[in-house]
Amino acid sequence: MSKRELVGIVAFSIVAIFFVFTALMIHPFGSPPSDTNMDDYIIDNAQTETGANNAVTSVVFDYRGFDTLGEATILFTAVAGVILLFRRLKK
Amino acid sequence: MKDEGMSRIVKTITSTIFPFIFIYGLYIIAHGHLTPGGGFQGGAVVASGCVMILVAYGSVWMMKKIKEKNLSVLESLGAIGFIGLAFLGLIFGEVFFSNYFANSKFFLFGEEVTFGVPEFANINTAGILPLMNFAVGLKVIAGLFAIVLIMAYATSKNKEGE
Amino acid sequence: MTLPFALNIPYIAVALLILLGLYAVIFKRNLIKIVIGITLIESGVNMFLITLGYRKGSIAPIYTSSPGGIMALPVPQALTLTSIVIGVAVLALMLSLVIHLYRHYNTLDVRKIGGGKE
C-alpha cells in the first residue's frame, strides 16, 4: 500500500509542476500569437454565403458538417450500448 | 418500498410546468440560425424537462406507457433525416453537404441576406440549416431520455430476484 | 511592478480543474468518486478550448443587433460542442459498467475488485 501511494505522489507532483509552469508561461490571455486567416474569412463571408445570422451555427452545420455527422454517430452508439448492457436485467 | 413516484402535489406541479419547458426548448431549436442556440442545446433543455416528469411519476409507470422501442424509432428518424438532407445536397448541388437553397428565392427557407447588422432578423433565411437543426434536436431528445429511462428502470427491479 | 510571467487567470483555473480531477482519479477508492474525477478532467479541457479563442475587447460572433467591434473566433466554440457530447456518451457507458460491477461484487471499493493481491 505505501509503495503504491509513494509512486502516486511522485507522479502527481511532476504533472502538477508541469501544468502550473505551462499555465504561467503561455501567451497572455486575449492576444493569440498566430495569425487568424481562416476565422477572418469565416467572419467576413458567413452571412452572405450561408444566409444565417449566427456564425457558430454556420460553422457547425455548413463549413464543418462532417464533425456533426461523427457526433451524431457517437450519440447513436452510446444509446445502443446502454440498451445492450441492460438487456438481461429487465426480465 | 413501493416505487410509485412522489406525492400528489409534486405530480400536479410538474405536469403544469412541463408545457412551458417544452415550448422554450422548441424555441431555442427553431431559432438556431438567428440567436445563440441550435439543435444540441435545445435538445438538452427538452430532455431535462422529460427527466423531471420521469422523476415525479416513477420509472415503472413510465416504462409501461413509453417502451424504449418507440424512443429508438424516434432517434433513428432523426438520424435518417440528417443523412437524407446531406445526400440531397449531393444530388442538387454536386457536393456532399452543400447548402443548395441558401440564397435562391425558394418559398420555404431561401430569402436573400445582405451584409449588415439587422435589428430584427428574418426567420425565412438560411437554406437547410433549420431543417438540420430539427433533425439533430429530435435525435438528442430521444437519445438522452432513453438513456435515463433505461438506467432508472433497470435499478428499480432488483428487489425481487436478479 | 511587472512580473517575468503573465498572470492570466483563466489558464490557471484550467490547470486547477485538471489537477483536481487527476487527484480524484489517483488517490480515491470509491468507484463513483473516480468517475466524477474523470468528468472534472473533461470539463477542464472544454474550458481550455474556449479560452483559446478570445481576442481583447471582442464580442460574440452573432450579427443580429450587435454592437460594433471585432468578433471572437467561432471555430473553437464549434469544436467544444462536439467535445461536450463525447463526454456525455462516455459518462453514460461508465455509469452502466459501475452498476454491473456493483451487482456482481456487492462492493464499490476499487481495491477489493480484481485480482485481490496486495
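Residues numbered from 1 in each chain as written. Chains lettered and ligands numbered in written order. Predicted model: local features only at pLDDT ≥ 70, side-chain atom pairs only at ≥ 80, totals over all residues.

Hey, could you run me through the overall build of chain B in this one?
Helices and strands together make up the secondary structure of chain B, namely five helices and zero strands. Moving toward the C terminus, one meets the helices and strands of chain B in the order α-α-α-α-α. Residues counted as buried form 35% of the 162 residues belonging to chain B. Summarising the internal contacts of chain B: among those between residues at least 6 apart in sequence, 70% fall at separations of at least 24. (Helix = DSSP H or I, 4+ residues; strand = E, 2+ residues; numbered from the N terminus. Buried ≥ 20, exposed ≤ 12 C-beta atoms within 10 Å, placed from the backbone. Contact = placed C-beta atoms within 7 Å.)

I tried to follow the overall build of chain C on my own but got confused; where do I start?
Scanning chain C from terminus to terminus reveals three helices and zero strands. Mapped from its N terminus to its C terminus, chain C presents α and β elements in the order α-α-α. The globule rule puts the C-alpha radius of gyration for 118 residues at 13 Å, and the 20 Å found for chain C is more than 25% above it. Here chain C holds 118 residues, and 16% of them are scored as buried. For chain C, the share of sequence-separated contacts (at least 6 apart) that also reach a separation of at least 24 residues comes to 49%. (Rg over C-alpha atoms; globule rule 2.2 N^0.38 Å.)

Explain the interface of chain C and chain A here, please?
Accessible area lost upon the coming together of the parts is a frequently used measure of interface size. Facing 37 residues of chain C, the contacting portion of chain A comprises 36 residues. Put simply, the parts of the chain that give the side of chain C that touches chain A at least two residues each are helix 1 (9-27) and helix 3 (75-105) of chain C. Among the elements that line the side of chain C that touches chain A, the one with the most residues is helix 3 of chain C, at 12 residues. A class-by-class count of the residues in the side of chain C that touches chain A yields 28 nonpolar, seven polar and two charged. (Nonpolar A, V, L, I, M, F, W, Y, C, P; charged D, E, K, R; others polar.)

Which parts of the structure should I look at to understand unusual backbone geometry?
Peptide bonds are, in most cases, trans, and in most cases residues other than glycine have a negative phi. Residue and element names in this part refer to chain C. In this structure, N106 is a non-glycine residue whose phi angle is positive, near 65 degrees. As for its placement among the helices and strands, N106 is situated in the segment after helix 3. Exposure remark for N106: the 8 C-beta atoms within 10 Å place this residue in the exposed category.

So what exactly am I meant to see when it comes to the packing of helix 4 (residues 65-85) of chain A against helix 4 (residues 68-93) of chain B here?
Angle between the axes and distance between the axes: these two values describe a pair of packed helices. Orientation of helix 4 of chain A relative to helix 4 of chain B, taken along the N-to-C sense of each, is 165 degrees, at an axis distance of 11 Å. Taken together, helix 4 of chain A and helix 4 of chain B sit at an angle that is classed as roughly antiparallel. For helix 4 of chain A against helix 4 of chain B, the interelement crossing comes out left-handed. Contacts from A:A72, A:F76, A:V79 and A:I83 of helix 4 of chain A reach helix 4 of chain B at B:E68, B:E75, B:A79 and B:F82. Here the residues of the contact of helix 4 of chain A with helix 4 of chain B sort into six nonpolar, no polar and two charged. (Axes fitted to C-alpha atoms, helices over the stretch in contact; angles between N-to-C directions. Parallel < 35°, antiparallel > 145°, perpendicular 65-115°, else oblique. Left-handed = near helix turned anticlockwise from the far one by under 90°.)

Just to check I follow, could you spell out the packing of helix 4 of chain B against helix 5 (residues 129-154) of chain B for this structure?
Residues and elements named next belong to chain B. In contact at an axis separation of 8 Å, helix 4 and helix 5 are set at 155 degrees when each is read in the N-to-C sense. With respect to their mutual orientation, helix 4 and helix 5 come out roughly antiparallel. Pair helix 4 / helix 5 crosses with left-handed handedness. Of helix 5, the residues touching helix 4 (which contributes E68, L71, S72, L74, E75, L77, G78, A79, G81, F82 and L85) are L131, M132, A135, V136, L138, K139, A142, G143, F145, A146, L149 and I150. Grouping the amino acids of the contact of helix 4 with helix 5 by side-chain chemistry returns 16 nonpolar, four polar and three charged.

When you look at the interface of chain C and chain B in this model, what are you seeing that I'm missing?
Listed per partner, the contact involves 10 residues of chain C and 11 residues of chain B. Tallied by class, residues from the side of chain C that touches chain B come to seven nonpolar, three polar and no charged.

Can you walk me through the environment of A:V56 in this structure?
By the secondary structure assignment, A:V56 is in helix 3 (residues 55-63). Sequence separation between A:V56 and A:I17 is 39 residues; the distance between their C-alpha atoms is 36 Å. Once residues within four sequence positions are removed from consideration, A:V56 is found in contact with C:P61, C:P74, C:Q77 and C:A78.

I would appreciate a short explanation of the environment of B:T155 in the present structure.
Residues and elements named next belong to chain B. Residue placement: T155 occurs in the segment after helix 5. Assessed through the 14 C-beta atoms surrounding it within 10 Å, T155 is described here as partly exposed. Taking the C-alpha atoms as reference, T155 lies 9.8 Å from S59; in sequence the two are 96 residues apart.

Would you mind going over the nonpolar core with me for this structure?
Nonpolar side chains in soluble globular proteins tend to end up buried together. Membership of the largest hydrophobic core comes to 50 residues, with the highest contact counts inside it found for A:V59, B:I141, B:F145 and B:A146. For this core, the secondary structure elements donating two or more residues are helix 2 (37-50), helix 3 and helix 4 of chain A, helix 1 (8-30), helix 2 (39-57), helix 4 and helix 5 of chain B together with helix 3 of chain C. It is helix 5 of chain B that contributes the most residues to this core, 15 residues altogether. One finds C:Y11, C:V14, C:I18 and C:L22 within the second-largest nonpolar core, a separate group that totals six residues. (Core = buried A, V, L, I, M, F, W, Y, C linked by C-beta atoms within 7 Å.)

For this particular structure, what's the right way to read helix 2 of chain A?
Because each turn of an α-helix spans 3.6 residues, side chains separated by three or four positions end up pointing in the same direction. Look at helix 2 of chain A: 19 Å from first C-alpha to last across 14 residues, which is about the 20 Å you get at 1.5 Å a residue. Maximum bend of helix 2 of chain A: about 45 degrees, positioned at A:D44. Close packing links the buried residues of helix 2 of chain A with helix 3 of chain A, helix 5 of chain B together with helix 3 of chain C. (Expected span 1.5 Å × (residues − 1). Bend = angle between axes of the 7 residues up to and from the residue.)

Explain helix 3 of chain A to me, please; I cannot follow it from the model alone.
Counting buried positions over the nine residues of helix 3 of chain A gives nine, a clear majority of the element. Among the residues of helix 3 of chain A, A:A55, A:V56, A:T57, A:S58, A:V59, A:V60, A:F61, A:D62 and A:Y63 are the ones counted as buried. Buried residues along helix 3 of chain A sit in contact with helix 2 and helix 4 of chain A, helix 5 of chain B together with helix 3 of chain C.

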